[in-house]
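Here is what each chain is made of, one letter per residue.
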Amino acid sequence: MPHSTQQKVIEFLGGPLDGHLEPLAVTAERLPEKIVCYISANVFHLLEGEPHEHENVVTSLVIYRRENQKSKWSYAFAGSFAPRDVTRESTDEHRKDGPDDESRPE
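Residues numbered from 1 in each chain as written. Predicted model: local features only at pLDDT ≥ 70, side-chain atom pairs only at ≥ 80, totals over all residues. Heavy atoms only, no water.

Participant: Would you take a moment to explain the overall build of the protein for this structure?
Facilitator: The number of helices and strands found in the protein is one helix and five strands. Secondary structure elements of the protein, listed N to C terminal, follow the sequence β-β-β-α-β-β. By residue count, 25% of the 106 residues in the protein fall in the buried class. Counting contacts in the protein only where the partners sit at least 6 residues apart, residues at least 24 apart contribute 43% of the total. With an accessible surface of roughly 8300 Å², the protein has 51% of that area assigned to carbon and sulfur atoms. (Helix = DSSP H or I, 4+ residues; strand = E, 2+ residues; numbered from the N terminus. Buried < 20%, exposed > 50% of the residue type's maximum accessible area, 1.4 Å probe, protein only. Contact = heavy atoms within 4.5 Å. Areas by Shrake-Rupley, 256 points an atom, 1.4 Å probe, with all protein chains shown as cover.)

This is how it looks when you write it as C-alpha coordinates:
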(Lines give C-alpha, C1' and ligand atoms only; values in the text may rest on other atoms or scores of the structure.)
Protein backbone atom coordinates (compact mmCIF):
# COMPACT_ATOMS: atom_id res chain seq x y z
CA MET A 1 0.00 0.00 0.00
CA PRO A 2 1.55 3.32 -1.04
CA HIS A 3 2.22 5.92 1.60
CA SER A 4 -0.29 8.79 1.45
CA THR A 5 2.19 11.66 1.80
CA GLN A 6 1.17 12.75 -1.70
CA GLN A 7 -2.51 12.93 -0.75
CA LYS A 8 -3.40 16.62 -0.32
CA VAL A 9 -7.09 16.26 0.63
CA ILE A 10 -9.33 13.71 2.26
CA GLU A 11 -12.81 13.10 0.86
CA PHE A 12 -15.96 12.45 2.89
CA LEU A 13 -18.07 9.64 1.45
CA GLY A 14 -21.78 9.30 2.23
CA GLY A 15 -23.91 11.06 4.80
CA PRO A 16 -24.48 14.81 4.94
CA LEU A 17 -20.86 15.69 4.11
CA ASP A 18 -20.74 13.45 1.01
CA GLY A 19 -18.25 14.79 -1.52
CA HIS A 20 -16.65 17.34 0.81
CA LEU A 21 -12.89 17.58 0.32
CA GLU A 22 -10.88 18.68 3.35
CA PRO A 23 -7.29 19.89 2.86
CA LEU A 24 -4.75 17.90 4.85
CA ALA A 25 -2.25 19.53 7.20
CA VAL A 26 -0.77 16.12 8.13
CA THR A 27 -0.61 12.76 6.39
CA ALA A 28 -3.93 10.92 6.29
CA GLU A 29 -2.52 8.10 8.44
CA ARG A 30 -2.12 10.58 11.32
CA LEU A 31 -5.77 11.65 11.25
CA PRO A 32 -8.17 10.19 13.84
CA GLU A 33 -9.66 6.82 12.93
CA LYS A 34 -13.14 8.06 13.85
CA ILE A 35 -14.61 11.56 14.02
CA VAL A 36 -17.96 12.92 15.19
CA CYS A 37 -19.33 16.05 13.53
CA TYR A 38 -22.12 18.29 14.77
CA ILE A 39 -24.52 19.07 11.93
CA SER A 40 -26.52 22.28 11.72
CA ALA A 41 -27.41 24.72 8.96
CA ASN A 42 -24.18 26.58 9.78
CA VAL A 43 -22.04 23.62 8.73
CA PHE A 44 -23.26 23.85 5.16
CA HIS A 45 -22.99 27.66 5.08
CA LEU A 46 -19.39 27.48 6.30
CA LEU A 47 -18.42 24.76 3.81
CA GLU A 48 -19.85 26.84 0.97
CA GLY A 49 -18.16 30.05 2.17
CA GLU A 50 -21.48 31.76 2.87
CA PRO A 51 -22.37 33.99 5.83
CA HIS A 52 -23.56 32.08 8.86
CA GLU A 53 -25.29 32.69 12.17
CA HIS A 54 -23.28 32.60 15.38
CA GLU A 55 -25.76 30.27 17.03
CA ASN A 56 -27.65 27.47 15.37
CA VAL A 57 -29.43 24.37 16.58
CA VAL A 58 -27.57 21.09 16.19
CA THR A 59 -29.86 18.78 14.24
CA SER A 60 -27.73 15.65 14.35
CA LEU A 61 -24.34 14.20 15.08
CA VAL A 62 -22.65 12.10 12.42
CA ILE A 63 -19.84 9.59 12.66
CA TYR A 64 -17.21 9.10 9.97
CA ARG A 65 -14.49 6.44 9.97
CA ARG A 66 -11.16 6.75 8.22
CA GLU A 67 -10.74 4.13 5.50
CA ASN A 68 -8.21 3.29 2.84
CA GLN A 69 -9.78 2.22 -0.43
CA LYS A 70 -7.87 1.84 -3.67
CA SER A 71 -4.75 3.29 -2.01
CA LYS A 72 -6.60 6.50 -1.13
CA TRP A 73 -7.68 7.57 2.35
CA SER A 74 -11.20 8.90 2.95
CA TYR A 75 -13.73 9.32 5.74
CA ALA A 76 -16.73 7.04 5.20
CA PHE A 77 -20.11 7.74 6.78
CA ALA A 78 -20.69 5.30 9.65
CA GLY A 79 -23.97 6.54 11.11
CA SER A 80 -25.83 9.40 12.71
CA PHE A 81 -28.00 10.14 15.68
CA ALA A 82 -30.09 12.98 17.07
CA PRO A 83 -28.70 14.91 20.00
CA ARG A 84 -30.51 13.65 23.10
CA ASP A 85 -28.89 15.58 25.92
CA VAL A 86 -30.87 18.78 26.23
CA THR A 87 -30.03 21.02 29.15
CA ARG A 88 -32.57 23.11 31.02
CA GLU A 89 -30.71 26.20 29.85
CA SER A 90 -31.29 25.33 26.20
CA THR A 91 -35.04 24.74 26.45
CA ASP A 92 -37.94 25.76 28.63
CA GLU A 93 -39.40 22.25 28.69
CA HIS A 94 -37.71 18.98 29.52
CA ARG A 95 -37.51 16.79 26.44
CA LYS A 96 -39.50 13.56 26.49
CA ASP A 97 -38.27 10.58 24.52
CA GLY A 98 -40.67 7.92 25.70
CA PRO A 99 -43.59 6.37 23.81
CA ASP A 100 -46.07 8.46 25.85
CA ASP A 101 -44.63 11.75 24.59
CA GLU A 102 -47.65 13.65 23.27
CA SER A 103 -45.46 16.07 21.30
CA ARG A 104 -44.12 13.31 19.04
CA PRO A 105 -45.90 12.87 15.69
CA GLU A 106 -47.43 9.48 15.10
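Participant: I'm lost on the environment of Asp18 in this one. Help?
Facilitator: Locating Asp18 in the fold gives a position in the loop between β1 (9-13) and β2 (21-23). Residue Asp18 is classed as exposed on the basis of its relative accessible area, which comes to 52%. Along the primary structure Asp18 and Ala76 are separated by 58 residues, whereas in three dimensions their C-alpha atoms are 8.6 Å apart. If near-sequence neighbours (up to four positions away) are discounted, Asp18 is found in contact with Phe12, Leu13 and Tyr64.

Participant: I tried to follow unusual backbone geometry on my own but got confused; where do I start?
Facilitator: A negative phi angle characterises most non-glycine residues, just as the trans form characterises most peptide bonds. Positive phi outside glycine occurs at Lys70, with the angle close to 55°. With respect to the element layout, Lys70 can be found in the loop between β4 (60-69) and β5 (72-81). In this model, Ser71 sits at a positive phi of 60°, which is unusual for a non-glycine residue. Here Ser71 is to be found in the loop between β4 and β5. Ser71 sits in the partly exposed class, given a relative accessible area of 44%.

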